[in-house]
Amino acid sequence: MANNIKNSTNLELPKKHFDLSLCKPVAKGAKKLIFYYPNDNDLLIKVLKPFKKSKEKNIIFDTISKLRQWYIVRLFYREIREYGKLKRSVNSGLCKHIPAFYGIADTNYGKGMIVEAIKEKDGGLCQTLKERLKSGNVQKDHILLLQEFFDNLTVSDIVAGDINSANLVLACHDGENKFVMIDGLGDKTLIPFRSWFPGNKRSFLEKKYIKLKARIEQALRLQEINPNDQERDNNS
Ligand SMILES: Nc1ncnc2c1ncn2[C@@H]1O[C@H](COP(=O)(O)OP(=O)(O)O)[C@@H](O)[C@H]1O
Ligand SMILES: [Mg+2]
């Protein structure tokens, strides 16, 4: 795909400020706003939602609110750091499970991360696993794909603290299906235990895998009982 940023060998960011104030986010999460990169909807700029000004007069609540904001910004930078780490380990089997990272941009919302948009064939952003589970749009072989994702994550040195169905999408690239983790890199806890004690990674990931696998199996059972629900949901 012709794209100056994507084809550049050093993948340096354009030193540019993006004013996204007039752009409509293509998606929103609990913490971030997601925009298409101007003139290239194969890329996204992900920024933190603006923090609401605290109206708290109470010093304790005000301090808690400021600490929360500090913590959210910290998570954002941890995520960026893991993207950077992954970019340096090009041979990692995990690369295909994480959107390509193109750097950090300055925006009117503060720093934004520029990443590959994981898209459906029709050009829209891929559904998350959470959405698929809800609409019964899962298949048996998704369990194998999930296992492949977790296997590659386990042997990598990447920390993924927030693995959940809302942060995973099922992507199809060159005819190959795979799970891609579009959010949740870096430690999620205030004290970055997972980075400090990587030895516990295997058991942590094993538990996450078992939980997500069980949710897919449950959705499959519901699909078997009520196949019409899935058809109806897929058509709506
Ligand atoms: N790289 C991506 N490719 C496709 N969709 C994405 C990507 N990043 C985010 N999204 C969409 O945006 C939503 C919110 O992004 P996310 O990074 O999870 O934000 P938050 O940190 O607020 O949870 C996701 O649930 C997903 O639908
Ligand atoms: Mg998320």
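In this report, we go over the structure that sits alongside the text. (Residues numbered from 1 in each chain as written. Chains lettered and ligands numbered in written order. Predicted model: local features only at pLDDT ≥ 70, side-chain atom pairs only at ≥ 80, totals over all residues.)

**Description of the nonpolar core**
- By size, the foremost hydrophobic cluster in this structure holds 42 residues, and its most contacted members are L44, I45, I114, I158, A160 and V169.
- The two domains that each donate at least three residues to this core are domain 1 (21–116) and domain 2 (129–235).
- Excluding anything up to four places from it in sequence, I158 contacts E82, K85, L86, L94, L153 and L185. (Core = buried A, V, L, I, M, F, W, Y, C linked by C-beta atoms within 7 Å. Buried ≥ 20, exposed ≤ 12 C-beta atoms within 10 Å, placed from the backbone. Domains from an automatic or database assignment. Contact = placed C-beta atoms within 7 Å.)

**Comments concerning the sheet that holds strand β4 (residues 40–48)**
- As summarised here, the arrangement of the six strands in space is β1-β5-β6-β4-β3-β2, forming an open sheet in which the pairing is mixed. Both edges of this open sheet fall to β1 (17–18) and β2 (27–28), since each of them pairs with a single strand only.
- Relative to strand β6 (residues 110–116), strand β5 (residues 101–107) is paired through six bridges, and the arrangement is antiparallel. Looking across to β6, one finds that G103 is bridged to I114. (Pairing = 2+ DSSP bridges. Helix = DSSP H or I, 4+ residues; strand = E, 2+ residues; numbered from the N terminus.)

**Here's the deal with the site of ligand 1**
- Taken together, 21 residues are adjacent to ligand 1, and A27, G29, K31, I118 and D183 come closest.
- Broken down by secondary-structure element, the contributors of at least two residues to the shell around ligand 1 are β3 (32–37), β4 and β6.
- For the shell around ligand 1, the residue count by class is 13 nonpolar, three polar and five charged.
- Split by domain, the residues of the shell around ligand 1 number at least three in each of domain 1 (21–116) and domain 2 (129–235). (Near = placed C-beta within 6 Å. Nonpolar A, V, L, I, M, F, W, Y, C, P; charged D, E, K, R; others polar.)

**Observations concerning the environment of L220**
- With respect to the helices and strands, the residue L220 is situated in helix α6 (residues 201–225).
- By the C-beta count within 10 Å, which is 17 here, L220 ends up partly exposed.
- For the pair L220 and G136, spaced 84 residues apart in sequence, the C-alpha to C-alpha distance is 7.2 Å.
- When neighbours within four sequence positions are excluded, L220 is seen to be in contact with V138 and K140.

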